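# Observations on the three-dimensional arrangement
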Amino acid sequence: MKKMTTDQIRQTWLDFFKSHDHLMLPSKSLIPINDPSLLWINSGVATLKKYFSGIENPPSQRLVNSQRAIRTNDIINVGVTARHHTFFEMLGSFSIGDYFKKEAIDMAYQLLTKHFDVDKDLLFITVYQDDEEAYKHWINNGIDKSHIIKGDRDRNFWDVGQGPCGPCTEIFYDRGSKYDFENIGIKLFHDDLENDRYVEIWNIVFSQFNNDGKGNYTELTRKNIDTGAGLERIASISQNVPTDFDTDSFMPIVNIIGTLTGKKYHTDAYFKKDLEHTSINHDYKVIADHIKACVFAIADGAMPSNKDRGSILRRLIRRAMVCARRLDIKTSFTAPVAISVVDVMQNYYPYLKNEIQRVTDVLASEEKLFNITLDHGFKLFEETVKTKKLDIETVFQMVDTYGFPFEIIVELARERRIEINEDEFNKRFEKHQTISRSNHEVKGMASQNDNLLNFTIPSTYEYFKTSLQNAEVIGCFDENFKPVNSFNGKGWIVFNKTVFYATSGGQIHDSGYAEFKHKRATIIDAIKGPNGQHFHLFDTNGGEITIGEKGNLYVDQEARLNSARNHSVEHLIQHALQTVIDSTIRQEGAFKSPEKVTFDYQYRSKLTTEQIIKVQDEVNKYIHQELPVDTKLLHLEDAKKEGAIAWFDDVYSKIKGKLRVVCMGNVSKEICGGNHVSNTKDIEQFMIVSVENKGGGAWRIEGLTSNNTINKYLNTQIGAIQLQINKMCKDIEQAKISSQEFDALIKETNYETSSKNLLKLHKHLNDVQVLWQQLMLVVNKQQSGNEIKTIKQLEKHLSSSKQLCYFTYSGENNKVINQALTELANADSEHAFVLINQTLNKIQYIAIASKDYVNKTSFNANTLIKDLNQLTKGSGGGRNEFAQGGTADTNAIEQIINYIKSK
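Residues numbered from 1 in each chain as written. Predicted model: local features only at pLDDT ≥ 70, side-chain atom pairs only at ≥ 80, totals over all residues. Heavy atoms only, no water.

### What to know about the overall build of the protein
For the record, the criterion: By definition, any uninterrupted DSSP run of H or I lasting at least four residues is a helix, any uninterrupted run of E lasting at least two residues is a strand, and each is numbered from the N terminus. Using a 1.4 Å probe on the protein chains alone, a residue whose accessible area is under 20% of its type maximum counts as buried, one over 50% counts as exposed, and one in between counts as partly exposed. We call two residues in contact when some of their heavy atoms are within 4.5 Å. The accessible surface values rely on the Shrake-Rupley method and a 1.4 Å probe; as for residues, cover is taken only from the protein chains in view.
In terms of helices and strands, the protein carries 28 helices and 29 strands. The buried share of the protein, reckoned over its 903 residues, is 53%. Pairs at least 24 apart in sequence give 71% of the contacts found in the protein among residues at least 6 apart. Carbon and sulfur atoms make up 47% of the accessible area of the protein, which totals about 40,800 Å².

### Side note on helix α18 (residues 557-580)
Here is the rule we go by: Working rule for helices: expected span equals 1.5 Å times residues minus one. Whenever a nitrogen or oxygen atom comes within 3.5 Å of another N or O atom, the pair is scored as a polar contact, on the condition that within protein one atom can donate a hydrogen and the other can accept it, and that pairs from neighbouring residues in sequence are kept only if both atoms are in side chains.
For α18, which comprises 24 residues, the first-to-last C-alpha distance of 34 Å matches the rise-based estimate of 34 Å (1.5 Å per residue) to within 8%. For α18, the buried fraction is high: 17 of the 24 residues fall into the buried class. N-capping of α18 is provided by Asp556, with a side-chain oxygen placed 3.2 Å from the backbone N of Glu558.

### Some thoughts on the nonpolar core
Spelled out, the test is: What we call a nonpolar core is a set of buried Ala, Val, Leu, Ile, Met, Phe, Trp, Tyr and Cys residues that are connected through their side-chain atoms within 4.5 Å.
Among the nonpolar cores identified, the biggest contains 118 residues, and Trp138, Ile171, Trp202 and Ile287 are the most heavily contacted of them. Per-element tally for this core: the top contributor is helix α10 (residues 275-299), with 13 residues. With sequence-adjacent residues up to four places away left out, Trp202 is seen in contact with Trp13, Phe17, Ser93, Ala108, Leu111, Leu112, Thr169, Glu170, Ile171, Thr227, Gly228 and Ala229. Ala564, Ile581, Tyr603 and Trp699 belong to the second-largest nonpolar core, a separate cluster that totals 33 residues.

### A few points about the sheet that holds strand β20 (residues 629-634)
Short version of the rule: Only when DSSP finds a minimum of two bridges between them are two strands counted as paired. Between the N-to-C directions of two axes lies an angle of 0 to 180 degrees, each axis being a line fitted to C-alpha atoms and, for a helix, fitted only over the stretch in contact.
Strand order in this open sheet of 3 strands is β20-β21-β22, and the pairing throughout is antiparallel. Across the chains shown, the open sheet's two edge strands, defined by having one partner strand only, are β20 and β22 (668-671). Mean inter-strand twist for the sheet, computed between neighbouring axes without regard to direction, equals 20°. Sheet topology note: the strand β21 (residues 659-664)/β22 ladder contains 4 bridges and is antiparallel. Note that in β22 the partner of Met664 across the bridge is Ser668. The strands touched by α18 within the sheet are β21 and β22, with β21 carrying the most contacts at an inclination of about 70°.

### Thoughts on the pairing of strand β8 (residues 198-211)
Regular strands place their side chains on alternate faces of the sheet. The buried fraction of β8 is high, at 12 of 14 residues. Direction of pairing for strand β7 (residues 163-174) relative to β8: antiparallel, over a ladder of 10 bridges. Within the sheet, the bridge partner assigned to Gly163 lies in β8 and is Asn211. Bridge count between β8 and strand β9 (residues 217-230): 9 bridges; the pairing is antiparallel. Across the sheet, the residue bridging to Val205 is Asp226, located in β9. The turn linking β8 back onto β9 is made up of 5 residues, and Gly213 within it adopts a positive phi angle of 90°.

### So, the sheet that holds strand β15 (residues 519-528)
Ordered in space as β11-β12-β16-β15-β14-β17, the 6 strands form a closed barrel in which the pairing is antiparallel. Pairs of neighbouring strands in the sheet enclose a mean axial angle of 45°, with direction left out of account.

### Here's the deal with the pattern of salt bridges
Basically, it comes down to this: When a carboxyl oxygen of Asp or Glu is within 4 Å of a side-chain nitrogen of Lys or Arg, the pair counts as a salt bridge.
Under the defined criterion, the tally for this structure stands at 38 salt bridges. Residue Glu881 is joined to Arg879 by a salt bridge in which the shortest nitrogen-to-oxygen separation is 3.9 Å. Bridged by salt links that share partners, the residues Asp7, Arg10 and Glu89 form one connected network.

### Here we look at unusual backbone geometry
Leave glycine aside and you will find that most residues have negative phi; peptide bonds, for their part, are mostly trans. Positive phi values are uncommon outside glycine, yet Asn183 reaches one of about 55°. Positionally, Asn183 belongs in the loop between β7 and α6 (187-190). Under the relative-accessibility criterion, Asn183 is labelled exposed at 66%.

### Considering the packing of helix α3 (residues 101-115) against helix α4 (residues 132-140)
Note the cut-off: The sense of a crossing depends on the near helix, which, turned anticlockwise from the far helix by less than a right angle, makes the crossing left-handed and, turned clockwise, makes it right-handed. Three classes are used: nonpolar for Ala, Val, Leu, Ile, Met, Phe, Trp, Tyr, Cys and Pro, charged for Asp, Glu, Lys and Arg, and polar for all others, with Gly counted as polar.
One can describe the packing of α3 onto α4 by two numbers: an axis separation of 10 Å at closest approach and a directional angle of 35°. When the axes of α3 and α4 are compared, the crossing they make is right-handed. On the side of α3, the interface is formed by Lys101, Lys102, Ile105, Ala108 and Tyr109, while α4 contributes Glu133, Ala134, His137 and Trp138. The residue inventory of the contact of α3 with α4, partitioned by class, reads 5 nonpolar, 1 polar and 3 charged.

### Focus: the packing of aromatic side chains
We count it as follows: The rule is short: rings of Phe, Tyr and Trp, with Trp giving its six-membered ring, pair when the centres are within 6.5 Å, and they are stacked under 30 degrees, edge-to-face over 60, tilted in between.
Evaluated as defined, the whole model comprises 37 aromatic pairs. With 5.4 Å between their ring centres and 65° between their planes, Phe124 and Phe189 make a pair best called edge-to-face. Residue Phe124 is located in strand β4 (residues 123-128), and its partner Phe189 is located in helix α6; the two are separated by 65 residues in the primary sequence. Overall, Phe124 belongs to the buried group, its relative accessible area being 6%. Judged by its relative accessible area of 1%, Phe189 is buried. The interplanar angle of 70° and the centroid separation of 6.2 Å between the aromatic rings of Phe481 and Phe535 together place this pair among those described as edge-to-face. Of this pair, Phe481 sits in the loop between β11 (467-477) and β12 (486-495) while Phe535 sits in strand β16 (residues 534-546), and the two are 54 residues apart along the sequence.

### Points about the confidence of the model for the protein
Applied cut-off: The quantity known as pLDDT measures the predictor's confidence residue by residue, on a range of 0 to 100.
Predicted confidence across the protein gives a mean pLDDT of 86, with 89% of residues reaching 70 or more. Considering only residues more than four positions removed or in separate chains, one finds that residues 435-446, a stretch of pLDDT under 50, has 31 contacts. Segment residues 793-801: pLDDT under 50, and 10 contacts once partners within four positions in sequence are set aside and those in other chains are kept.

### Considering the environment of Ala847
Within the secondary structure, Ala847 sits in strand β27 (residues 843-849). A relative accessible area of 0% places Ala847 in the buried class. Taking C-alpha positions, Ala847 is 5.4 Å from Ala883, a pair spaced 36 residues apart along the chain.

### A closer look at the packing of helix α27 (residues 861-872) against helix α28 (residues 893-902)
Relative placement of two packed helices is described by the angle separating their axes and the distance separating the axes. We apply this condition: Roughly parallel means an angle under 35 degrees; roughly antiparallel means over 145; roughly perpendicular covers 65 to 115; every other angle is labelled oblique.
Between α27 and α28, the shortest axis-to-axis distance is 10 Å and the interhelical angle comes to 140°. On the basis of the axis angle, α27 is oblique to α28. Every pair of crossing elements has a handedness; the one defined by α27 and α28 is right-handed. Here Leu864, Asp867, Leu868, Leu871 and Thr872 of α27 come into contact with α28, specifically with Gln895, Ile896 and Tyr899.

### Notes on the pairing of β11
By the bridge criterion, 4 bridges tie β11 to strand β17 (residues 550-555) in an arrangement that is antiparallel. Opposite Glu472, over in β17, you have Lys550 as the bridge partner. Here β11 pairs with β12 via 4 bridges, running antiparallel. Following the sheet pairing, Cys476 is matched in β12 by Ile493.

Structure representation (C-alpha cells):
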C-alpha cells in the first residue's frame, strides 16, 4: 500500500467520492443535535439518520464525509489492542436511494487498488451467505474466490432491531505473517478471531430491508448504502507501523508526553512482547487517546460533570491522570498534551485553534480537582492489599470510580503476589457494560414510512395567509398513516394547498380549524412529509372527511402572531448573546410556540444575573429600534455571501431552488422558513424567565414575548415573591429579632412590574433569604435546647426496652428538628430515633442514631427510610446513621407509626 500521511488518506477518500458525484459533508459536532438517543456522535452515519429513515430528503443522494466520533463502550481496551480508541474518525460514503451493490463494490475496489495502491491479493472479503450478488461483484473485480468467505447472519447481516437493515460486506487487509505470532494463518480470518494480521478496514452495509421489530422483513422502497472505514487503521497500514498509535496522528502527541517523564515509549515493544515497555506504552496510548477525545469534546461544547456526556468526559480525564501518575509525571500535563493534539489535527479541524485556551482551562481545572481523588484511589488500593486480598468490588470501584485501568490494578496486585480473578471482574464489568451500552451504542434508524414516501401528489403552502377557501382534500390517512378514502374521528389530511404551518425548525404547528359542508374539523398536529407536503392531523368531531372534498381553512391568528413573535425573538437572542457574551455562541436547538421561546446553546459557565439582564436589554433594544423584518429568496451560496446564518447547512443544501432569508434590519440575517413578525416592534417586549443547566456545558434560555403574556407572568411571580418576603418578615417579628440590615433590605424591595426589575427582584429575594437564614439560625440554636428537653421528656414516657423511639410533630421547623435530633443522638447511644413531622400537604420523616449505636446493632437509618418510602410511595434516603424522606400521602401517618412500632 502507498505510504501516505493521515491527512492525505482523508483527502484522497473525500476527493475520490466527490469525483463520483458525492456531496461532501463537513465533520459535525460530537454533540448530537435534536437526537436524545445518543450522548455522542459515534459513527459516520449517526448525523445522517433522518435521511436514511426517510424523515427528510438528503441534500444529495450521494454523500461522503470524514466524521469525528466518540465511543466508550470498549474503553478498557484502549492502549491494550493496536486499534481501540475512544476518539476516532470514520470515513464514510453513502447512497440514499441511488446506486446499490455493484457500484458500491466497484468504487471500493477502485479506490483501494488505484488510489491507495493496495495489492488486491492482500484483500480478503466477507459477504452474507445468501448474498450471491455481492459475491459475484467481488469476483468480477478480480478478487480470488479463496479470499472470499460467506458469513452467517451474526457476522454479515447488519440489524439493530426495528428499522432499516440488510447484509454487509467487510474488507480485510492481510498485514503478513509477522503479525501472526502463533502462526495460525488463514484460520484467523475464517474463524473471525481477534488478531492483528487480517485487519478489517472497511464495512459496506446494503440497507435493503425494513425490520418491523417482530421479525418480519420487507423490501425498502428506497435502498441505501452505508459504508464506514477507519481512518486510523488505514493510516497504520499505509505507514507500516504496528499500531494506530505509531502513526503521524499520534506520535507527535506521544513525543510531547515523553518530555514530561523519564519513562520512554518503545515502538518495538509490540514485536518484542516486552512486558515492562508494553505497560509503559499502554499509559502513553491512554493519555494520547483520551486527551485527544477531550480536546474535541470540550471544543465542541461538552463540559465535565457527573451526568450523561459530562461524566464520560470526566472519566476520560481521570483515566489519563491515573496513567500519568504511573509514568511518574510530576507536573500538570493536560495543557501541553492538548496543545499537541491541536497542532496535529488543525489542518482538517482549524476551529480547534480558537478553542485551545478554553480547552486547556477546563482540563487544568479538572486535573486540579482529581488530584485529591486520585490519591484516594491509590490509598484505597494500598489499604485493601494489606489484607493480602483484593475483592472484585474494590477492583471495580477503582476502575469505574477512580479511573484505574484494570490491567494496571492487576500489575500492582501481582507486585504484591495477589491474584485477581479476571473472570469474576469481567462478569462484573459486563453487567456494567450492558447498562452502559443501552445509552452509548449506535441506535437503530427510525422505520421508513413507505406511505409517506410514496405520496407524491403536489401541495403548496401559502406563507402569509391565515385563511384559505376551497382547499381540496387530495390525501386521507388513518392515525398510523395508512391510506384511506375517508375517515371519521382522527386522521391525517393533505390538501392541494394549505395555510397551516407544519412543525419544523423548532416552531410548533399552527392551530385552527377546517370547515367542510355541515362539519368542522379541528387541527391537532401538522408535519412536513418527505416529499414536501404538509400532513395535517384533524379531529373531525364526529363528521366524515372524504378525498375530493373541499373546505375552508382558518388559522388561529392570535396563536400564529405569538409564535411569530417568539420565532423572531429567537433570532434576536442569537445576535444578543454573540454581542454581549461571546461571539462563538451559536444556537444548538430552539423551540417556538405561542406560549414561549427556548434557546439552547453551549457555554463554559452559567450566565450571571447581570449578564442575563444585558442579554435581555440588548434584545429589547432591537425591539424598540422598530427594525423592519424583510424576507427575500436567495440560493444558498448567495445567502452565505451576504452573511446569512445557515445553522443547518445539510438541510438547506438539499433545496435546489432559492431559500427564504429573514433579515431584521442590520442586526440579524438567517435562512429560515418559519413565521415572523413584519417589524420587531410587533414583538412588544422580551423577558428571560430562566436559564436552565442541561448538563455538559449546555444551557437553555426560556423567554416570553408580548405585553399581555409578560404582564400575566409578572403578576403571578411578584405575588409569590411578596408572600415569601411577608412570611420571612413574620418569622423575624415572631422571633423578636431586631436587625437594621434586614429592615433596610425589606425597604429596598421594589415590586415595580418590569422584566428587568423581576430579575433584580429575584436576586434581591435571594439576599433577603440569606440574611433571614442567618438570623433564624440564632433562634434555632436557642430553640434546639428546648426541643431536646421536650424530646427527652417524651422519651422518659417510652418503654425503656424499646430501642427505636419515635416522636410526632405538626408543622415544626425542619432545621430546628434536625439540629435537636442530631444533638440527642450524639448524647444517647442507646437508642435510635424517628421523627415524623406532618405539614399541610406532606409528611416528613427522619431517622437518626449515633455511630456507636449503629456499630453495635443492625440498625440502618437508610434502610428504614427506604421501607417507609415503599410503604407510603414516598422518596428519600441517606446514610446508615442519618436518613430522611417524605410522602405526599397525608393519610399515611398511622401506617408509618404502626410500622415503626413493629420494628
